[in-house]
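This is what each chain is made of:
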Amino acid sequence: MVDRYSWSRWLFVVLNYTFLILLAVLCILPLIHILAISLSSNLAVSAGFVKLWPKDFTFISYEFILRKSEFLLSLIVTLKRVLLGVTVNMVLTVLAAYPLSKESSEFKGRTVYVWILVFTMLFSGGLIPLYMTVKMLGMLDSIWSLILPHALPVFNVVLLLNFFRGIPKELEEAAFIDGAGYMRILWKVYVPLSMPSIATLTLFATVGHWNAWFDGLIFMNSPSNYPLQSYLYTIVNNVDTIMGSMDLVNMKLFEDVSSRTAKSAQIFLGALPILLLYPFLQRFFIKGIVVGSVKG
């Protein structure tokens, strides 16, 4: 029997898998280290005993964090941002990708609109014009300042319009014969057939909104309106923030919690929802990207 792969092919496969496994380990070890610190006692962490496994196992850091109103308020802001932002992103992406997926003979000026969108991927007005625009529209210190400036992700539009172009035109023609209009065809034919790609883009939008932190710092004047990642940024860069506005019960807890264990607990809690969400959408990820890619 002839070997399926030559020795050079086997060598490539072994080296490739080895490299990917090492890369995965390098990515996951810091997260495991942070989790171990958050589950360890203050004394063990201060003494440098904690590496990849908790010492003097305790949940006191999480108890301390979940008692803080600032953390819970920032979590609520982020949940609102993700819910509203992902909805706006996906609706606008679908509505923009559908007409742009048509041929120029069907949609006059299609090429012009595509080039305008691509131009925005390469060039922008900069941070100061963006801030002035948000301020003039009265959106400072508002949840909409975190959503509307990034309402239409052009990269997602490009991926989805290429997926739409791969759907057989006969389906649309049959729907026209049955009396359906463009909007009905979009939501009843194209969207159901595009669920793998849409699920992938939904994951992109969710991760993007959840991890965003810089816009919260520049558009929010009040720390109580910070999204979670902006709040975590201030925590990591300012130890005094942890001590702010603590009552006597929290002060008692802080005696057994160091700033390092508290930061680690907050960082892990901030990453946990995405870690839980990804496995459910991962099966759509590769398929969605491949079928939505440009075909030669």
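Procedures and definitions
Residues numbered from 1 in each chain as written. Predicted model: local features only at pLDDT ≥ 70, side-chain atom pairs only at ≥ 80, totals over all residues. Heavy atoms only, no water. Helix = DSSP H or I, 4+ residues; strand = E, 2+ residues; numbered from the N terminus. Buried < 20%, exposed > 50% of the residue type's maximum accessible area, 1.4 Å probe, protein only. Contact = heavy atoms within 4.5 Å. Areas by Shrake-Rupley, 256 points an atom, 1.4 Å probe, with all protein chains shown as cover. Expected span 1.5 Å × (residues − 1). Polar contact = N/O pair within 3.5 Å; in protein donor to acceptor, adjacent residues only side chain to side chain. Axes fitted to C-alpha atoms, helices over the stretch in contact; angles between N-to-C directions. Parallel < 35°, antiparallel > 145°, perpendicular 65-115°, else oblique. Left-handed = near helix turned anticlockwise from the far one by under 90°. Nonpolar A, V, L, I, M, F, W, Y, C, P; charged D, E, K, R; others polar.

Examining the overall build of the protein chain
When helices and strands are tallied, the protein chain shows 15 helices and zero strands. Residue burial in the protein chain is summarised as follows: out of 296 residues, 38% are buried. For the protein chain, long-range pairs separated by at least 24 residues make up 71% of all intrachain contacts whose partners lie at least 6 apart in sequence. Of the roughly 17700 Å² of accessible surface on the protein chain, 71% is carried by carbon and sulfur atoms.

Let's talk about helix α7 (residues 154–165)
In a regular helix each residue adds 1.5 Å, so twelve residues correspond to 16 Å; α7 covers 16 Å between its end C-alpha atoms and thus fits that length. Burial analysis of α7 places nine of its twelve residues in the buried class, the great majority of the element. Among the residues of α7, V154, N156, V157, L159, L160, L161, N162, F163 and F164 are the ones counted as buried.

Considering the side chain of N162
With respect to the secondary-structure elements, N162 resides in helix α7. Judged by its relative accessible area of 16%, N162 falls in the buried class. From its side chain, N162 meets the backbone oxygen of V158 in a polar contact 2.7 Å long.

Some points on the packing of helix α4 (residues 69–100) against α7
For the pair α4 and α7, the least separation of the axes is 8 Å and the interaxial angle reads 50 degrees. Classified by the angle their axes make, α4 and α7 are oblique. Note on packing geometry: the crossing formed by α4 with α7 is right-handed. Together, T93, V94, A96, A97, Y98 and L100 of α4 and N156, V157, L160, L161, F164 and R165 of α7 make up the contact between the two elements. The residue makeup of the contact of α4 with α7, split by class, is nine nonpolar, two polar and one charged.

A look at helix α10 (residues 195–211)
Over its 17 residues, α10 runs 24 Å from end to end, which matches the ideal 24 Å to within 8%, given 1.5 Å per residue. Where α10 is concerned, the buried positions are P196, S197, I198, A199, T200, L201, L203, A205, T206, H209 and W210.

Concerning the packing of helix α9 (residues 182–193) against α10
Running from amino to carboxyl end, α9 crosses α10 at an angle of 75 degrees, the nearest separation of the two axes being 5 Å. By the angle between their axes, α9 is roughly perpendicular relative to α10. Of the residues in α10, those touching α9 at V191, P192 and L193 are M195, P196 and I198.

Limitation: the analysis is restricted to geometry and does not speak to function.
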